[in-house]
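As a plain string of letters, each chain reads:
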Amino acid sequence: MSNHSLFDFAVDKSTKTVTIDMEFDADPSLVWDAFTKAELLDQWYAPKPLVSKTKYMDFRVGGRRFYAMVTPDGQERWALQTYTAITPKTHFKLFNVFADKDENPDPYGSDWDLHFAAKDGKTIVHISIYNESLERLESVLEGFKTGMTMTYGNLKELLQTLSGK
Amino acid sequence: METRRDIFQAIADPTRRAIITLIALHAMTPNALAEHFNTSRQAVSKHIKILAECDLVKQEQQGREIYYSLELEKMKEIDQWINQFRQIWEARYNQLNALLSNMKKQKK
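In what follows, the accompanying structure is described. (Residues numbered from 1 in each chain as written. Chains lettered and ligands numbered in written order. Predicted model: local features only at pLDDT ≥ 70, side-chain atom pairs only at ≥ 80, totals over all residues.)

Met22(A), Phe24(A), Val31(A), Ala34(A), Val125(A), Leu96(B) and Leu100(B) are the most contacted members of the largest nonpolar core, which totals 24 residues. Counting only elements with at least two residues in this core, the list comes to strand S1 (7-12), strand S2 (17-24), helix H1 (28-36), helix H2 (38-44), strand S6 (91-99), strand S7 (105-119) and strand S8 (122-131) of chain A together with helix H5 (76-107) of chain B. Here the element with the most residues in this core is S2(A); it accounts for 4 residues. Counting residues in hydrophobic clusters, the runner-up holds 14 residues, among them Ile20(B), Leu56(B), Val57(B) and Tyr68(B). (Core = buried A, V, L, I, M, F, W, Y, C linked by C-beta atoms within 7 Å. Buried ≥ 20, exposed ≤ 12 C-beta atoms within 10 Å, placed from the backbone. Helix = DSSP H or I, 4+ residues; strand = E, 2+ residues; numbered from the N terminus.)

This is the structure we're talking about:
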């Protein structure tokens, strides 16, 4: 099930970006649909046992997807995704932000950049997520870096995780 | 989520980030801390209170003075946060993989 060469996750501290590379044994058009149609998105987007529930989705530049991750006991965690650029079948961008059930967004969100490419009948998906909250984390980590390296043993490990190695 | 404030809320504010950086170096009194900021001592106290509510700051009485220092264990939450993020995407990958192979079967 988990073939690691087909899934790669990295956090780049210097650019405050998380990158995810995935390879699927399917046509790009199928993969594109899975990312851009609500009824398909809802089938894979929420890590089990959570369930993804899209209230509405308007896939066009300036359009939005308003959805919730629902826990087994019925709690909802809402988020808003606004599509900021679309090149059909190959690329789109969105701004992701958590929100309340009335669509009021949090002050901070993240910018997502998604690329789809065909390769030998397979599809490569490359996602980069620029995360403001990661940047906020980073300023704290720098403080630790100068002050705590001697006393905080886990920091080294933590920074290695953050730099993606 | 939890009703208690979380670490990410705590560090969303630049002043609180600066406080964390200062007390990461060594324990400080509220007065010593306030000297680093242009805001009032009350404002600094308010930030410390929020940090304390997140268990990021612990206080120790030494004689007549209170000293604030950083709760190191709390930093591990950041590590866990990154791990969780990875796990979410790995789960999505596996689920989408399964969905795509179902879709391919149905097409045939």
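Moving on: the environment of Lys55(A). Structurally, the position occupied by Lys55(A) is in strand S3 (residues 51-57). If we ignore the near neighbours within four places in the chain, the residues touching Lys55(A) are Phe66(A) and Tyr67(A). (Contact = placed C-beta atoms within 7 Å.)

Residues and elements named next belong to chain A. One ladder, built from 6 bridges, connects S1 with S2; its direction is antiparallel. If you follow Val 11 over to S2, its bridge partner there is Val 18. Looking at chain direction, S2 and S8 are connected through 8 bridges and run antiparallel. Residue pairing across strands places Phe 24 opposite Thr 123, the latter belonging to S8. (Pairing = 2+ DSSP bridges.)

A few words on H1(A). Turning to H1(A), its buried residues number three or more, namely Val31(A), Trp32(A) and Ala34(A). Projected down its long axis, H1(A) shows its buried positions confined to an angular sector of 160°, all on one face. (Arc of directions from axis to C-beta.)

Quick look at the sheet that holds strand S4 (residues 64-70) of chain A now. All names here are of chain A. Judged by pairing direction, the sheet is antiparallel, and its 8 strands sit side by side in the order S1-S2-S8-S7-S6-S5-S4-S3 without closing on themselves. Looking at which strands have only one partner, the edges of the open sheet turn out to be S1 and S3. For this sheet, the mean inter-axis angle between neighbouring strands, taken without regard to orientation, is 20°. Pairing analysis gives 6 bridges linking S3 to S4, with the strands arranged antiparallel. Pairing of Tyr 56 across the sheet is with Phe 66, part of S4. Packed onto the sheet, H1 meets S2, S7 and S8 and runs at close to 170° relative to S7. (Axes fitted to C-alpha atoms, helices over the stretch in contact; angles between N-to-C directions.)

Any two packed helices are characterised by how steeply their axes cross, that is the angle between the axes, and by the distance between the axes. Residues and elements named next belong to chain B. Following both chains from N to C, one finds helix H2 (residues 14-25) and helix H4 (residues 41-53) inclined at 75°, their axes separated by 10 Å at the closest point. When the interaxial angle is binned, H2 and H4 end up roughly perpendicular. Across the interface between the two elements, Thr 15, Arg 16, Ile 19 and Ile 20 of H2 pack against His 47, Ile 48, Ile 50 and Leu 51 of H4. Among the residues making up the contact of H2 with H4, the classes are represented as 5 nonpolar, 2 polar and 1 charged. (Parallel < 35°, antiparallel > 145°, perpendicular 65-115°, else oblique. Nonpolar A, V, L, I, M, F, W, Y, C, P; charged D, E, K, R; others polar.)

In short, geometric facts, not functional conclusions.
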